[in-house]
Amino acid sequence: MKLLTLAWKDLRRQFRSGLLLLLMIGVPLLLTGLLYFAFGSTGTGPALTPLSVAVIDLDTPAALAPFAVGTIVAQALGSPELATLLVPATAPDAATARRRVRAGDLGAAVIVPAHATATLLSGRGVLTLEVITDPARPLAAGVLSDILQAVADGLSAGGVAARVTAELATAQGVPGAALLAARAAATVGPGPGIDRPASLVITAPREGGSSFVKRMVAEVMAAMMIFFVFFSGAYGASAVLREQEEGTLRRLAATPTSTATQLGGRFLGIAAILVVQIASLLALSGLVFGIGWGRPLPVALASAALAVDAAGFGVVLLAFVKTSRQSGPVFGVVLTVTGMVGGLMTATMPSLPVAFHTAALFTPQGWAMDLWRACLAGGDVGAILPSLAGTFVIGVGLLAVGVPLMRRRFARGL
Amino acid sequence: MMRALAVTRKDLLQILRDRRAVVFLLLMPLAFTLFFGLAFSGLGEGGGDARLQVGVVDADGGPLAGSLVRSLSASGALRPDPLDELRRAYADELVHRGDEAAVLTIPPGWGAALRSGAPHPLELVTDTGTATGLAAQRAVQATIDRFLAAERTAATATALLAPRARLPADALHDRALELALAAWQDPTVRVESAQEGAARGAGATAGASGREAGTGAFGANPYDQASPGMIVQFAVYGLLLSAMVLVIERKQGAHARLLGTPVPRAAVIAGHGLAMLSVVLGQILVLEAFGQTALGVHYLRHPWATLALTLALALWSASLGMLIGAFARTEQQVVASGLLAMFLLSGLGGAWFPLEITGPTFTAVGHLTPTAWAMDAYRTILLRGGTLSGVAVPLLVLLGFAALFFALAVARLVRRPT
């Protein structure tokens, strides 16, 4: 009974503090919401801010030319299909366009050189379309380059056809190579490359209905939950410091309560705090972001393992601080660095160096993150077993180291 | 003036004699900068082969399909991975797990349909919501487009030459396709990209395609995002220490005792403000120096612009510290307010990732925060080579926020009972 009273006291103390509730539940949800707002609002993943593009057409095609390169480029970039990526803009000349790109007023400029159409129609020489981009918009500039490359390929098609036909005609001894080449060029192109018929049908991988955004939000939420559960574990363990300083530990010792009960009550309190926090975060994130955490049994086991891990880490950390004033900075630094190495801040970042994944396995947070990823993938107990076992073993190991240290502190406090 | 400076000196001694302050102010931001810079650098492409692995299911099995697979391999961006029967059934899972960037299926009869002039579409399984999936889709699409153009060329040339050529039509077509694919390695029309005002030659020219050099989300040098981002984030975090001094002074009654002396209230407020400004200014300058010397971030490209931005950022951050210190009653409230401010302002303001990749709505909301303007100014200086006039607007916005926060803090400090 005393055990429960002590645990209830710690639980009440923790949850009646608005600040702690904010850090335990509010901030993880807030940070996940922030990233959801940043990347999830489109429902299809990251969306680029449209890039304003001006086409500077220096070309003056002959009146009888069958097409004009500048017109094809301008029409392609101004296509309604690209309205979410590119916004047509104007600039009187190349120098102004450069100046405006440098100032950030214009996202990019495409310069169609003088005699572009004549060069293409002659089949001789290379036509170069120059793209000036804003270095502060590298991703959008990459997209523009890809689009323009497709347009350029459309323009090249006629030239390639002429070259191949002429070469083959000569090799095969067919007379009139030049005429045949011109006919081939006229048949094949040019035309804007983005108006091609659908040559590729793209489908997203089936993964139980989980889209990229859902997966990203779920992994970010898992990372935030782990980070702040570890914080709560450390803060819960540090309650003993405050009681030592306030003298309540001595008063407790004056009552007929054994050290084992005091310690047990403390651990039960920490465990209860963590379980309530985890359950709240799982439920609220499910409601707010629609995260499906996985099957009930694996999720329950993962929650228990996370609580053991966080409590063990908190108890071990306690050995490195003497006063409650020291605990804030020490916990802050250690939990931030281990969380960072454990991959909690790069949970959804693609193409991370392999060393990052290896380093994560040296931290309890890294194992916990693996465990929750396995749960989110919908794995059964068998599927999550390796990371579950790893997380439990680390947690129990940390408790085995931390409990004697905490017992010593109790003894000192008496 | 001397009295204000005495208050400043007292605050600085109080903050800096605690060695943990150095950890908060300098070591943490340095660690975060290095970590995120490395994470953004994309070193994880693995084993020196940066090509994207794309699983290929060749259900057609004909010569044209074989030729397409060879074209994918020759593209330079892709590494085709022929899938056996067993792995074909798990194409979705292979992509989902990240074992393959994409899986391309060439359906049965694709080659014959292509020859007949009515090509069937190919099927690509990939997650275009991820950077890898998007890159794979673009590279596959570009290769297929060129392949189809080559096939159109071969068909056209064959139709024109077959009646009078020595080779039979099929052989002529194969030869024409071979020549066309080779010709596409050196097309008639090229695209050359150049970044206007970019600092580094290596990152300034992207060659024929935006994928080729330094055009990822974080640019040529990932520290161009990580270094200023962490400076902005920890300028907010660092003010916790300064704000804490105000609260502790008030709680311990030192503030009331100070006001009992002939030191005017204005001198006390000015002294505290100057201390906060000095701490944040010192922190930013050290982090910029580290970025310049160790990480290749060109803060000194336009020193006056950087100096003006540093001052404006420090002024804003110090005024936020004053505001929190003026309103908070306990140390816990300082910590909570500081952490909330740091997370919200950093996330919304583009300190963690460029606002470019968040879409117009988030970008617009982000610009309600001073951090977004600070990041804009840093990016203008570092990436566009912007001068003092180029960052005038962000500087004015930062100074406006600083004035607003400082005025609110002073109003609170003046009215607050001692």
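Residues numbered from 1 in each chain as written. Chains lettered and ligands numbered in written order. Predicted model: local features only at pLDDT ≥ 70, side-chain atom pairs only at ≥ 80, totals over all residues. Heavy atoms only, no water.

K.L.:
Please clarify how the overall build of chain B should be interpreted in this entry.
P.N.:
When helices and strands are counted, chain B shows 17 helices and six strands. When the accessible surface of chain B is summed, it comes to about 16900 Å², and 64% of that surface belongs to carbon and sulfur atoms. (Helix = DSSP H or I, 4+ residues; strand = E, 2+ residues; numbered from the N terminus. Areas by Shrake-Rupley, 256 points an atom, 1.4 Å probe, with all protein chains shown as cover.)

K.L.:
Would you explain the overall build of chain A in this entry?
P.N.:
In terms of helices and strands, chain A carries 16 helices and five strands. In chain A, which comprises 414 residues, the proportion classed as buried is 53%. Counted over contacts in chain A with a minimum sequence separation of 6, partners at least 24 positions apart contribute 78%. Accessible surface, chain A as shown: approximately 17000 Å² in total, 66% of it carbon and sulfur. (Buried < 20%, exposed > 50% of the residue type's maximum accessible area, 1.4 Å probe, protein only. Contact = heavy atoms within 4.5 Å.)

K.L.:
Where do I start with a nonpolar patch on the surface in this structure?
P.N.:
Residue and element names in this part refer to chain B. Taken together, the side chains of Leu-285, Trp-304, Leu-307, Leu-311 and Leu-388 define a hydrophobic patch exposed on the protein surface, amounting to about 500 Å² of accessible area. Per-element tally for the nonpolar patch: the top contributor is helix α13 (residues 303–327), with three residues. Tracing the sequence through the fold places Leu-311 in helix α13. (Patch = residues over 30% accessible without salt bridge, like charges linked within 9 Å, V, L, I, M, F, W, Y side chains within 5 Å. Salt bridge = Lys/Arg side-chain N within 4 Å of Asp/Glu carboxyl O.)

K.L.:
Any chance you could explain the packing of aromatic side chains here in plain terms?
P.N.:
One pass over the structure, following the stated rule, counts 13 aromatic pairs over all chains. When the ring of Phe-230 of chain A is compared with that of Phe-313 of chain A, the centres are 5.6 Å apart and the planes differ by 65 degrees; the resulting orientation is edge-to-face. Of the two residues, Phe-230 of chain A sits in helix α8 (residues 212–237) while Phe-313 of chain A sits in helix α12 (residues 296–318), which places them 83 residues apart along the sequence. On the basis of an interplanar angle of 80 degrees and a centroid distance of 5.8 Å, the ring pair of Tyr-299 of chain B and Tyr-378 of chain B is categorised as edge-to-face. Residue Tyr-299 of chain B is found in the loop between α12 (265–294) and α13, and its partner Tyr-378 of chain B is found in helix α16 (residues 370–382); the two are separated by 79 residues along the sequence. When its relative accessible area of 2% is taken as the criterion, Tyr-299 of chain B is described as buried. Through successive ring pairs, a cluster of aromatic residues spans Phe-356 of chain A together with Phe-32, Phe-35, Phe-36 and Phe-234 of chain B. (Phe/Tyr/Trp six-rings, centres within 6.5 Å; stacked < 30°, edge-to-face > 60°.)

K.L.:
Mind showing me how you'd approach the interface of chain B and chain A here?
P.N.:
In many analyses, interface size is given as the accessible surface area lost on bringing the parts together. Each side of the interface is counted separately: chain B has 101 residues, and chain A has 100 residues. Carbon and sulfur atoms make up 65% of the area that chain B and chain A hide from each other, which totals about 9100 Å². Across the pair Arg-146 of chain B and Asp-153 of chain A runs a salt bridge whose closest N-O atoms are separated by 2.8 Å. The tally of links from chain B across to chain A stands at 21 residue pairs in polar contact (both at pLDDT 80 or more). (Buried area = accessible area lost by both parts, 1.4 Å probe. Polar contact = N/O pair within 3.5 Å; in protein donor to acceptor, adjacent residues only side chain to side chain.)

K.L.:
When you look at the nonpolar core in this model, what are you seeing that I'm missing?
P.N.:
Side chains of nonpolar character tend, in soluble globular proteins, to be buried together. In this structure, Met-225, Trp-293, Leu-306 and Trp-372 of chain A together with Trp-316, Leu-320 and Tyr-378 of chain B are the most contacted members of the largest nonpolar core, which totals 146 residues. Looking at this core element by element, the count peaks at 17 residues for α8 of chain A. Aside from chain neighbours lying at most four places away, what touches Trp-372 of chain A is Ala-222, Met-225, Ile-226, Leu-282, Trp-293, Val-299, Ala-302, Ser-303 and Leu-306 of chain A. By size, the runner-up hydrophobic cluster in this structure holds 49 residues, among which are Leu-72, Phe-147, Ala-165 and Ala-176 of chain B. (Core = buried A, V, L, I, M, F, W, Y, C linked by side-chain atoms within 4.5 Å.)

K.L.:
Mind showing me how you'd approach α16 of chain B here?
P.N.:
Residues and elements named next belong to chain B. Here α16 contains 13 residues, and its C-alpha end-to-end distance of 18 Å stays within 8% of the 18 Å for a straight helix at 1.5 Å per residue. Of all 13 residues in α16, twelve are buried, a share of seventy percent or more. Along α16, the positions that sit buried rather than exposed are Pro-370, Thr-371, Ala-372, Trp-373, Ala-374, Met-375, Ala-377, Tyr-378, Arg-379, Thr-380, Ile-381 and Leu-382. (Expected span 1.5 Å × (residues − 1).)

K.L.:
Can you help me understand the domain arrangement of chain A in this one?
P.N.:
In terms of domain boundaries, chain A breaks down into domain 1 (2–40 + 211–410) and domain 2 (51–208). On a C-alpha basis, the centroid separation for the pair domain 1 of chain A and domain 2 of chain A is 55 Å. (Domains from an automatic or database assignment.)

K.L.:
Just to check I follow, could you spell out the packing of α12 of chain A against helix α15 (residues 364–376) of chain A for this structure?
P.N.:
To characterise two packed helices, one gives the angle between the axes of the helices and the distance between these axes. Residues and elements named next belong to chain A. For the pair α12 and α15, the least separation of the axes is 10 Å and the interaxial angle reads 170 degrees. If you check the angle between α12 and α15, you find them roughly antiparallel. Contact residues: Pro-298, Val-299, Ala-302, Ser-303, Ala-305, Leu-306, Asp-309 and Phe-313 in α12; Pro-364, Gln-365, Ala-368, Leu-371, Trp-372 and Cys-375 in α15. Residues that form the contact of α12 with α15 fall into these classes: eleven nonpolar, two polar and one charged. (Axes fitted to C-alpha atoms, helices over the stretch in contact; angles between N-to-C directions. Parallel < 35°, antiparallel > 145°, perpendicular 65-115°, else oblique. Nonpolar A, V, L, I, M, F, W, Y, C, P; charged D, E, K, R; others polar.)

K.L.:
Explain the confidence of the model for chain B to me, please; I cannot follow it from the model alone.
P.N.:
Predicted coordinates in areas of low pLDDT are best not read in detail. Residues and elements named next belong to chain B. Taken residue by residue, chain B gives an average pLDDT of 81. The fraction at 70 or more is 90%. Under a pLDDT of 50 for its full length, residues 43–48 has, in the predicted model, nine contacts with residues more than four places off or in other chains. Every residue in residues 201–215 is under pLDDT 50, and counting partners more than four places away or in other chains gives 38 contacts. For this predicted complex, the interface confidence comes out at an ipTM of 0.71, alongside a pTM of 0.74. (pLDDT = per-residue confidence, 0-100.)

K.L.:
Whenever I open this one, the sheet that holds strand β3 (residues 102–106) of chain B confuses me. Can you help?
P.N.:
Strand pairing in a sheet relies on backbone hydrogen bonds, with the paired strands running either antiparallel or parallel. Taken together, the five strands give an open sheet; going across it, the order is β5(A)-β4(B)-β3(B)-β1(B)-β2(B), and neighbouring strands pair in mixed fashion. In this open sheet, the two strands that pair with only one neighbour each are β5 (200–203) of chain A together with β2 (78–82) of chain B. Adjacent strand axes in the sheet meet at a mean angle of 25 degrees, parallel and antiparallel pairs treated alike. Pairing between β5 of chain A and strand β4 (residues 122–125) of chain B: four bridges, direction parallel. The residue of β4 of chain B that forms the bridge with Val-201 of chain A is Glu-123 of chain B. Running at roughly 140 degrees to β2 of chain B, helix α3 (residues 63–74) of chain B makes contact with β1 (52–58), β2, β3 and β4 of chain B of the sheet. (Pairing = 2+ DSSP bridges.)

K.L.:
Would you explain unusual backbone geometry in this entry?
P.N.:
Most of the time, phi is negative for any residue but glycine, and the peptide bond is trans. Within the chain, His-115 of chain A stands out as a residue other than glycine whose phi angle is a positive 65 degrees. Assignment of secondary structure puts His-115 of chain A in the loop between β3 (108–112) and α5 (116–122).

K.L.:
Teacher, can you tell me more about the packing of α13 of chain B against helix α17 (residues 392–415) of chain B here?
P.N.:
All names here are of chain B. Contact geometry for α13 and α17: axes closest at 8 Å, N-to-C directions at 25 degrees. In terms of orientation, α13 lies roughly parallel with respect to α17. The two elements α13 and α17 cross, and the hand of that crossing is left-handed. Here α13 contributes Ala-308, Leu-309, Ala-312, Leu-313, Leu-315, Trp-316, Ser-319, Leu-320, Met-322, Leu-323, Ala-326 and Phe-327 to the contact with α17, which in turn contributes Leu-395, Leu-398, Leu-399, Phe-401, Ala-402, Phe-405, Phe-406, Leu-408, Ala-409, Arg-412 and Leu-413. For the contact of α13 with α17, the class distribution of residues is 21 nonpolar, one polar and one charged. (Left-handed = near helix turned anticlockwise from the far one by under 90°.)

K.L.:
Help me understand the pattern of salt bridges in this model?
P.N.:
Think of it this way: side chains of opposite charge can pair up when their charged atoms draw near. Inspection of every chain in the model, using the stated rule, returns eight salt bridges over all chains. Within this structure, Glu-219, Asp-370 and Arg-373 of chain A form a network of salt bridges that share partners.

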